Amino acid sequence: MFTLIKNGYLYAPEALGKKDILIAGNKIVAIGKDLSAPMLVECETIDANGKIVTPGLIDQHVHLTGGGGEGGLSTRTPSVKFSSLIQAGLTTVVGVLGTDGTTRSPRDLYAKAMGLRDEGITTFFHTGSYQVPTVTITGSIRDDLIFVNPVVGVKMAIADHRGSFPTTDELMRVISDVRMGGMLAGKKGILHMHMGDLPNPLEQVEEIIARGIPRHHFSPTHVARNKTLFADAINFAKAGAHIDITSGGSCAFGEPAEAVIAALESGVDPKHLTVSSDGNGSLPKFDEGGNMVAITAAPVNANAMLLPELIERGVSPEIALGMMTANVAKSVGIKKGEISVGSDADVCIFNEDYTLSSVIAMGKTLIHGGEQRVIGNFE
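The structure contained in this document is the topic of the report that follows. Predicted model only: the values in this text are computed from it and were never measured.

This part covers the overall build of the protein. Per the secondary structure count, the protein includes ten helices and 19 strands. A compact globule built from 379 residues would reach a C-alpha radius of gyration of about 21 Å, and the protein, at 20 Å, matches this within 12%. Projecting the C-alpha coordinates of the protein onto the three principal axes gives extents of approximately 65 × 45 × 40 Å. Here the protein holds 379 residues, and 57% of them are scored as buried. Counting contacts in the protein only where the partners sit at least 6 residues apart, residues at least 24 apart contribute 70% of the total.

What follows is the structure, given as structure tokens:
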């Protein structure tokens, strides 16, 4: 099956101007002007004139099986639906657990990830949750990375009152397993760190880096939670690592767009910035005594909502899109996030106002002209 996208303005995510894109199977096979499909083959043509064509969006922090539970079992958020993901322009997601690594497990995440792959989008996940020792599928961080295909790293809470407060040596052993498991599996291997509100959030990490663990194995998220953490994260990014700003959660800047702009104005290389939604994760509020007083769930489409806002505020489309595509792929260590000959055929087509028009994932058109063609099971 061939698909030909005609006359769209292409951000790959760098601006390439008006181009046609030819898709064969699940790969992009040609990019240029005045392209046509091979003779005598079935080909769907999508007219993208006046529209914007981009890589499919990537979200590296989605609670695919749900999050929450801080207020008891009735406050657990539900599993994410396939339709919610594709309607957010997502063609690749990375699943995570949250506070609860007991009633929810990496095995649940594995099942959900493989189910979403069957339904039509590329899915990975992190083993572990907030606590140490790390909850895994095989009983070993290294074995999970080596033997479980969708596992790309480990999730852990750092400097958070709901975490396990690992010693520096304990944290060192975790990141060593992540590094070695990744090396043996041919994966980057990352420690995806939920950053909390407690003081000196990156102190242990910097000590471990000083001992010889490369900085690129650490992936801090929720870094705009408070101004002190944000300042430390800016320095972390300037030293060469990626930092992740949450589009759907708490933000000390009032709104995530302001945090992104503050990071850019601080001199951080834009390629070291990523954005994730925290989609379907719980957003509890605690009083001064540490008691939960309210809880909501982060929206899965937070990145798609942030994109036009960033552009309206003067962030270039190349930079804004990069934070949701190519930069994320590099941070996680996956071959995604760009439109080039030979790359996976993951494509979003936006209207001029950056509302979503069409989504193609691995060469299959899931949404076309705002109409959803593929529905997940039980939806």
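Look at helix 4 (residues 168–185): 25 Å from first C-alpha to last across 18 residues, which is about the 26 Å you get at 1.5 Å a residue. When we look at burial in helix 4, the residues that qualify are Thr168, Leu171, Met172, Val174, Ile175, Val178, Gly181 and Gly182. Among the structural elements, helix 3 (141–147), strand 9 (151–158), strand 10 (190–195), helix 5 (203–211) and strand 11 (218–221) are those in contact with the buried residues of helix 4. Positive backbone phi, at 75 degrees, marks glycine 186, one or two positions downstream of helix 4.

Another aspect to go through is the nonpolar core. Counting 79 residues, the largest nonpolar core has Leu85, Ile121, Leu191, Phe218 and Leu310 as the members making the most contacts within it. A per-element tally of this core places helix 6 (residues 227–238) first, with six residues. Ignoring anything within four residues of it in the chain, the contact list for leucine 191 reads Val154, Met156, Leu171, Val174, Ile175, Val178, His217, Phe218 and Ser219. The next biggest cluster of nonpolar side chains, apart from the first, holds 14 residues, and it includes Ile5, Ile23, Ile28 and Ile46.

Attention shifts here to the packing of aromatic side chains. This structure, assessed with the given rule, holds three aromatic pairs. Their ring planes at 50 degrees and their centres at 5.2 Å tell us that tyrosine 9 and tyrosine 11 sit as a pair that is tilted. Using a relative accessible area of 36% as the deciding quantity, one classes tyrosine 9 as partly exposed. A relative accessible area of 11% places tyrosine 11 in the buried class.

Counted under the stated rule, the structure contains twelve salt bridges. Where glutamate 44 meets arginine 373, a salt bridge forms, and the shortest distance between an N and an O atom there is 2.5 Å. Residue glutamate 44 is located in strand 4 (residues 43–47), and its partner arginine 373 is located in the segment after strand 19 (371–372); the two are separated by 329 residues in the primary sequence. Of the residues examined, glutamate 44 reaches a relative accessible area of 17% and is grouped as buried. Between aspartate 344 and lysine 336 there is a salt bridge, with the nearest N and O atoms lying 2.8 Å from each other. Among the residues examined, aspartate 344 registers a relative accessible area of 16% and is labelled buried. According to the relative accessible area criterion, lysine 336 is buried, its value standing at 12%. Beyond isolated ion pairs, a larger network of salt bridges with shared partners links Lys27, Lys336, Asp344 and Asp346.

The linkage connecting alanine 12 with the following residue, proline 13, adopts the cis geometry, with an omega of 10 degrees. Residue position: proline 13 is located in the loop between strand 1 (2–11) and strand 2 (15–24). The amide bond that connects valine 132 to the next residue, proline 133, takes the cis arrangement and shows omega of 5 degrees. With respect to the helices and strands, proline 133 occurs in the loop between strand 8 (122–127) and helix 3. For asparagine 7, which is not glycine, the phi dihedral falls at a positive 65 degrees. For asparagine 7, the location among the structural elements is in strand 1. Take asparagine 7: its relative accessible area is 31%, and that puts it in the partly exposed class. One non-glycine residue, asparagine 200, adopts positive backbone phi at about 50 degrees. In this fold, asparagine 200 is placed in the loop between strand 10 and helix 5.

Here is what the cut-offs are and how they apply
Residues numbered from 1 in each chain as written. Predicted model: local features only at pLDDT ≥ 70, side-chain atom pairs only at ≥ 80, totals over all residues. Heavy atoms only, no water. Helix = DSSP H or I, 4+ residues; strand = E, 2+ residues; numbered from the N terminus. Rg over C-alpha atoms; globule rule 2.2 N^0.38 Å. Buried < 20%, exposed > 50% of the residue type's maximum accessible area, 1.4 Å probe, protein only. Contact = heavy atoms within 4.5 Å. Expected span 1.5 Å × (residues − 1). Core = buried A, V, L, I, M, F, W, Y, C linked by side-chain atoms within 4.5 Å. Phe/Tyr/Trp six-rings, centres within 6.5 Å; stacked < 30°, edge-to-face > 60°. Salt bridge = Lys/Arg side-chain N within 4 Å of Asp/Glu carboxyl O.

Read these as layout, nothing more, since geometry by itself doesn't imply function.
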